[in-house]
Amino acid sequence: MNDSMLIYKSESYKVIGACMEVHNQLGPGFLEVVYKDALEVEFTNLMIPFTREKEYTVKYKETILPHRFCADFVVYEHIILEIKAASTLNEKHQAQALNYLSVSNEKLAIIVNFGEMVLNFQRLVK
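The following refers to the structure shown. (Residues numbered from 1 in each chain as written. Predicted model: local features only at pLDDT ≥ 70, side-chain atom pairs only at ≥ 80, totals over all residues. Heavy atoms only, no water.)

1. What about the overall build of the protein chain?
Stated formally: By the criteria applied, helices consist of DSSP H or I runs no shorter than four residues and strands consist of E runs no shorter than two, each listed in order from the N terminus. Radius of gyration here uses only the C-alpha atoms, and the compact-globule reference equals 2.2 Å multiplied by the residue count raised to the power 0.38. Each residue's exposure class comes from its accessible area (1.4 Å probe, protein chains only) as a fraction of the maximum for that residue type: buried when under 20%, exposed when over 50%, partly exposed otherwise. Whether two residues are in contact is decided by their heavy atoms, any of which lying within 4.5 Å being enough. Every accessible area reported is derived by Shrake-Rupley at a probe size of 1.4 Å, with residue values counting cover from the shown protein chains alone. Neither His nor the chain termini are counted; the positive set is Lys and Arg, and the negative set is Asp and Glu. Where a charge sits is defined by one atom per residue type, namely NZ (Lys), CZ (Arg), CG (Asp) or CD (Glu).
A tally of regular secondary structure across the protein chain gives three helices and five strands. For 126 residues, the compact-globule estimate of 2.2 N^0.38 gives 14 Å, and the C-alpha radius of gyration of the protein chain, at 14 Å, lies within 12% of that figure. With the principal axes as the frame, the protein chain shows a C-alpha extent of 45 × 35 × 30 Å. Split into buried and exposed, the 126 residues of the protein chain put 37% on the buried side. Counting only contacts in the protein chain whose residues sit at least 6 apart along the sequence, the fraction spanning at least 24 positions is 56%. When the accessible surface of the protein chain is summed, it comes to about 7300 Å², and 55% of that surface belongs to carbon and sulfur atoms. With 13 positive and 16 negative side-chain charges, the protein chain shows a spacing of 8 Å between the two charge centroids.

2. Some details on the packing of aromatic side chains
The condition that has to hold: Geometry of aromatic contacts follows a simple scheme: Phe, Tyr and Trp rings, the Trp one being its six-membered ring, pair when their centres are within 6.5 Å, and the pair is stacked under 30 degrees between planes, edge-to-face over 60, tilted otherwise.
This model, assessed by the stated rule, comprises six aromatic pairs. On the numbers, 4.5 Å between centres and 10° between planes, the contact of Tyr35 with Phe114 is stacked. One end of the pair, Tyr35, is in helix α2 (residues 32–45); the other, Phe114, is in the loop between β4 (108–113) and β5 (120–125), and 79 residues separate them in sequence. Under the relative-accessibility criterion, Phe114 is labelled buried at 0%. Relative to Phe73, the ring of Phe43 lies with its centre 5.5 Å away and its plane at 90°, an arrangement referred to as edge-to-face. In this pair, Phe43 sits in helix α2 while Phe73 sits in strand β2 (residues 63–75), placing the two residues 30 residues apart along the sequence. Each member of the pair, Phe43 as well as Phe73, carries the same accessibility label: buried.

3. Let's talk about the environment of Ala71
Of note, Ala71 is situated in strand β2. Ala71 sits in the buried class, given a relative accessible area of 0%. Sequence spacing of Ala71 and Asn105 is 34 residues, and the spatial spacing of their C-alpha atoms is 13 Å. Dropping the residues within four chain positions of it, Ala71 is found in contact with Glu53, Lys54, Tyr56, Ile80, Glu82 and Tyr100.

If you want it as structure tokens, here you go:
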């Protein structure tokens, strides 16, 4: 996929830019919650619309299950943003984001890992 075909290209770049600013200011080593708090400040300053800790229900056949999924952020009302502070991103992080895409019916999830020396992120499209 070339750059011009990216879904939510402009919004994604703004979100990743905000994440880069937080990483530049804080660096690696903090817990996820610290990065989430800092991102909340950065999103507010940049006037990026967001919902933090958005809850989604899971439906099995015709039954709503008692367990809920809670996405770290939903930005611009349609991008799932998952925050990590791990040594590296792995398949479990990807599976979690794909589950959020499934239950939310959104098309794009971005996983951002603040735990590395260089900010690492992945875009997942459903």
